[in-house]
Each structure stands twice: as C-alpha cells, then as structure tokens.
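Read off the chains here:
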Amino acid sequence: MAAQRSAQFLLSAVSAEQFPAAGPPEIAFLGRSNVGKSSLLNALVGGKAAKVSSTPGRTRVINFFLVTEKSLKLRVVFSDLPGYGYAKVSKSISASWPSFIAPYLKEREKLALCICLVDANIPARANDRQLLDWLHAMDRKYIVVATKIDRLSGNERTRHLVALKRSLGVDEILPVSAKTGYGITELWRRIGEAGNRE
Ligand code: GDP
C-alpha cells in the first residue's frame, strides 16, 4: 500500500534570510526541550523526519519539511522550532531562543497554526504560559498538545490535563502519545483543518 504520508526535508534556517520562499500553509511545532517534539513529528509523518535527541537543547535552527497527507488532501510545511527553556538560568522563552524565532512567529504570513507542546507528566512552567500569552497577543492560532500521555493511567490523565488547562488558561488540550499513536489521528484532523482553511 502506498504511504498516506510523506515528509521531505527542505532546509534548516539559522536566520530570517534563510526561511524558505512562501509556499503551502505552515504548521509550527513548539515546546520546551525534551518535551517529545521530535518523536511526535516522526509519529505524525510515520518516519524519521526529526532527530530524537540524546543531547537536548542543541538544535538552534528552524527545520522546514514539506509534508503531504493523502487522505486529507493536504500539503503543508512543518516548521520544527528550537526547544526553549533548556538553560536552567533562562526563565523566559526569549532568553533561550535565538532572535529570529520571534520574527518568524510574528511575521510569517504562511503560518497557519502553532502546535504548542507540553509534557503531560510535568506541571506547566512559566515559559509555557508565556509562549501562549504571546501567541494570543499576536493573534496566532494555536492548539496545546500534551505529549507522552501513555505514561499516565486513566485517572492521572484526567487529573493532569485538568491541572494543565487551568495553569495554561486554555479550554482544551489534546493528549497524544508518539509511542502508542494515541491522539495522532485527531492531531492530523486539526492540522488538516488549519492547512485546508486557506
Ligand atoms: P524533543 O527534545 O522535544 O525533540 O524530545 P524527543 O522527541 O527527543 O524526546 C525526549 C524523550 O522523551 C526521549 O527519551 C523520548 O524517547 C521520550 N518520548 C518522546 N515521546 C514520547 C511518548 O509519546 N511516550 C513516551 N513514553 N516517551 C516519549
């Protein structure tokens, strides 16, 4: 059977001048280092799009991938942003982020949706909340996704998700697991909605 999904690496950008020319709608993936972003990207495209890191916090680039999903008739660009909050000293997202990230999130016309990842097992941090407040202030569309949900039992899932919603000030959090595939179809549906809206 032909693969439903494919991902083609486009480029790594270390400055705004290196961003790809505007193409399909872009879906940005954001989260603290070690949140499970690379694993989730790989689970979404069913392959090895992103490198699962043994040295968290190293990547300081935006990686762009051209992604197609046949059943959703979808062609989008995934932008994999560097993890924030790695250095213990930096409490704010801006302190641990290269300077070209903010302009990307602020000005990139093709950016259709920001997928903000939090670890379902760990209470939200100030910088997670700060990121959402910032995206909200810039009128960006975003959804919050809780990763590694497989590590929690049923009761814990409910409890953790309620606590995360409260501390992040959001109505909805989508639980996923890159390990079991839980929530991946629903996440694709959301990506499809955003990508096909244009
Ligand atoms: P990144 O730094 O955000 O890209 O995170 P990685 O994808 O490299 O994952 C960080 C760690 O969390 C690795 O040890 C992964 O194996 C683990 N991890 C990622 N996703 C999951 C998941 O869905 N379930 C479980 N149990 N572990 C995960």
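As the structure is a computational prediction, the values presented were derived from the model and not from experiment.

**Describing the overall build of the protein**
Here is step 1 of the chain: Looking only at helices and strands, the protein features six helices and seven strands.
Here is step 2 of the chain: Each helix and strand of the protein, placed in order from N terminus to C terminus, yields the pattern β-β-α-β-β-α-α-β-α-β-α-β-α.
Here is step 3 of the chain: Here the protein, with 198 residues, has 47% of them falling under the buried criterion.
Here is step 4 of the chain: The contacts in the protein between residues at least 6 apart in sequence include a share of 74% that link residues at least 24 apart.
Here is step 5 of the chain: Put simply, the protein shows about 10,100 Å² of open surface, and 51% of that area lies on carbon and sulfur atoms.

**Digging into the sheet that holds strand β5 (residues 111-119)**
Here is step 1 of the chain: Within the open sheet, the seven strands sit side by side as β1-β3-β4-β2-β5-β6-β7. Their pairing is mixed. Edge strands, defined here as strands with exactly one partner in the open sheet, are β1 (5-13) and β7 (173-175). In this sheet, neighbouring strand axes are inclined to one another by 25° on average, regardless of whether the strands run parallel or antiparallel.
Here is step 2 of the chain: In this sheet, β5 lies alongside strand β2 (residues 26-31) in parallel orientation, the contact comprising six bridges. Bridging from a neighbouring strand, L30 pairs with C116 of β5.
Here is step 3 of the chain: The strands touched by helix α4 (residues 126-137) are β2, β5 and β6 (142-147); relative to β5, the strand with the most contacts, the crossing angle is about 165°.

**Focus: the pattern of salt bridges**
Here is step 1 of the chain: Counted by the stated rule, this structure contains ten salt bridges.
Here is step 2 of the chain: In this structure, D128 engages R32 in a salt bridge whose closest nitrogen and oxygen atoms are separated by 3.1 Å. Taken together, the residues span a long stretch of sequence, with D128 in helix α4 and R32 in the loop between β2 and α1 (37-45) at a distance of 96 residues. Each member of the pair, D128 as well as R32, is classed as buried.
Here is step 3 of the chain: Through salt bridges that share partners, E172, E186, R189, R190 and E193 make up one connected network.

**Notes on the site of the ligand**
Here is step 1 of the chain: Taken together, 14 residues lie around the ligand, and K37, S38, S39, D150 and A178 are the ones closest in.
Here is step 2 of the chain: G36 places a polar main-chain atom, nitrogen or oxygen, 2.9 Å from an oxygen atom of the ligand.
Here is step 3 of the chain: Measuring from an oxygen atom of the ligand, one finds a side-chain N or O atom of S38 at 2.5 Å.
Here is step 4 of the chain: Alone, the ligand offers 580 Å² of accessible surface; in the complex the protein occludes 80% of this.
Here is step 5 of the chain: Of the residues in the shell around the ligand, the class split is three nonpolar, six polar and five charged.

Conventions we followed
- Residues numbered from 1 in each chain as written.
- Predicted model: local features only at pLDDT ≥ 70, side-chain atom pairs only at ≥ 80, totals over all residues.
- Heavy atoms only, no water.
- Helix = DSSP H or I, 4+ residues; strand = E, 2+ residues; numbered from the N terminus.
- Buried < 20%, exposed > 50% of the residue type's maximum accessible area, 1.4 Å probe, protein only.
- Contact = heavy atoms within 4.5 Å.
- Areas by Shrake-Rupley, 256 points an atom, 1.4 Å probe, with all protein chains shown as cover.
- Pairing = 2+ DSSP bridges.
- Axes fitted to C-alpha atoms, helices over the stretch in contact; angles between N-to-C directions.
- Salt bridge = Lys/Arg side-chain N within 4 Å of Asp/Glu carboxyl O.
- Near = heavy atom within 4 Å.
- Polar contact = N/O pair within 3.5 Å; in protein donor to acceptor, adjacent residues only side chain to side chain.
- Nonpolar A, V, L, I, M, F, W, Y, C, P; charged D, E, K, R; others polar.

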